[in-house]
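Here's the letter readout for the chains.
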Amino acid sequence: MTEENRVAVVTGSAGGLGRAIAQRLAQNGFKVMLHDINKDLLSKTVKEFEQEGFNAAYFVGDVSKKADQEKLVKTTVEKFGHLDVFINNAGVEAVGPFLKIGEDELQKLFNVNVFGTVYGTQAAAEQFIRQDTKGKIINACSIAGHEAYAMLGTYSATKHAVRAFTQVAAKELAAKHVTVNAYCPGVAKTKMWNRIDEEMVKADPSLKPGEAFDKYASEIALGRYEKPRDVANLVKFLASEDSDYITGQAILVDGGLVYR
Ligand SMILES: NC(=O)c1ccc[n+]([C@@H]2O[C@H](COP(=O)([O-])OP(=O)(O)OC[C@H]3O[C@@H](n4cnc5c(N)ncnc54)[C@H](O)[C@@H]3O)[C@@H](O)[C@H]2O)c1
Ligand SMILES: CC(=O)[C@H](C)O
């Protein structure tokens, strides 16, 4: 254990990559604030963390609401005394052709993926400034934040926006000793990809269930699809003091798919 007394928030950590990230940090000694909009899944995860002996608390919230993000940080500090790392992991996807992109899709994805990341970054940065301590903000980007993908237009645009806000926040918060970075996973087997595959198969009847995922994953140089632990390992590094001289970066962890 090397991170005793350090406190991290992971949004959208009831399942998927966020759960794996929170687990990896807790295994390393972090006190972890679990968070999600899905109350039922979150309470199940909290029980599992308690059974593993982790020092974890939880907060039910919606990242697209600025007030929820502020309350998340306040509750974390009330519970654990301070904040060291804030991970904007929560995100949603939509699948469909560019010509069919509608207002609801644009609103929903930008509200969660982009505005949620901005509100979380602001709430965390303001807390680090109040504490007068260094701090780390780590955002969920994607290969789709480096290259836009057909049928994932709105989603790709939101991840490009996350990369832009990561750079801007890094530039403006460096003087306060706050680093801001992003992790860019590739094709990881989570509920998100189950939904993407389902939608892609609906859009292309020549595909059988699972074949859209397999098609994306078949391009991976290392020859296997991503596991949540692969992402958690990078985020553990970005949450550690070993990454103190890195800021404004959107680091690809995709097994060899996009080369930037
Ligand atoms: N799975 C992949 O291959 C992949 C690849 C690149 C990037 N990502 C990104 O990683 C992050 C996690 O992805 P995942 O695969 O674990 O997805 P997931 O859908 O399995 O998990 C996302 C979690 O976020 C929660 N959430 C959704 N909207 C929320 C909101 N408004 N407020 C609070 N919580 C909310 C969900 O309830 C869910 O538990 C996302 O930002 C995603 O875009 C995933
Ligand atoms: C879901 C995601 O970000 C990539 C496209 O797999």
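Calculation criteria
- Residues numbered from 1 in each chain as written.
- Chains lettered and ligands numbered in written order.
- Predicted model: local features only at pLDDT ≥ 70, side-chain atom pairs only at ≥ 80, totals over all residues.
- Heavy atoms only, no water.
- UniProt positions renumbered as here; feature names shortened; annotations may be inferred.
- Near = heavy atom within 4 Å.
- Polar contact = N/O pair within 3.5 Å; in protein donor to acceptor, adjacent residues only side chain to side chain.
- Areas by Shrake-Rupley, 256 points an atom, 1.4 Å probe, with all protein chains shown as cover.
- Helix = DSSP H or I, 4+ residues; strand = E, 2+ residues; numbered from the N terminus.
- Nonpolar A, V, L, I, M, F, W, Y, C, P; charged D, E, K, R; others polar.
- Core = buried A, V, L, I, M, F, W, Y, C linked by side-chain atoms within 4.5 Å.
- Buried < 20%, exposed > 50% of the residue type's maximum accessible area, 1.4 Å probe, protein only.
- Contact = heavy atoms within 4.5 Å.

If you look the protein chain up in an unreviewed UniProt entry, it shows as diacetyl reductase [(S)-acetoin forming] from Liquorilactobacillus oeni DSM 19972. Word for word, the UniProt comment on the protein chain under Catalytic activity (unreviewed entry) is "(S)-acetoin + NAD(+) = diacetyl + NADH + H(+)".

A. Local environment of the site of ligand 1. In the vicinity of ligand 1 there are 29 residues, among which Leu-17, Asp-36, Asn-89, Tyr-155 and Thr-190 approach most closely. Ala-188 is positioned with one of its backbone polar atoms (N or O) 2.8 Å from an oxygen atom of ligand 1. Protein chains shield 93% of the accessible area of ligand 1, which is 820 Å² for the free molecule. Elements supplying a minimum of two residues to the shell around ligand 1: helix 1 (16–27), strand 2 (31–36), helix 5 (153–173) and helix 6 (191–203). Class assignment of the residues belonging to the shell around ligand 1 gives a composition of 14 nonpolar, ten polar and five charged.

B. Region of interest: the nonpolar core. Among the nonpolar cores identified, the biggest contains 30 residues, and Ile-21, Leu-25, Leu-34, Ile-87, Ile-138 and Tyr-183 are the most heavily contacted of them. Every element with two or more residues in this core is listed here: strand 1 (7–10), helix 1, strand 2, helix 2 (39–51), strand 4 (85–88), strand 5 (135–140) and helix 8 (228–239). Residue contacts for Ile-138: discarding those within four places in its chain leaves Val-85, Phe-86, Ile-87, Asn-88, Asn-181, Tyr-183, Val-235, Leu-238 and Ala-239. Among the nonpolar cores identified, the runner-up in size contains 25 residues, and Ile-143, Val-187, Phe-213 and Ile-220 belong to it.

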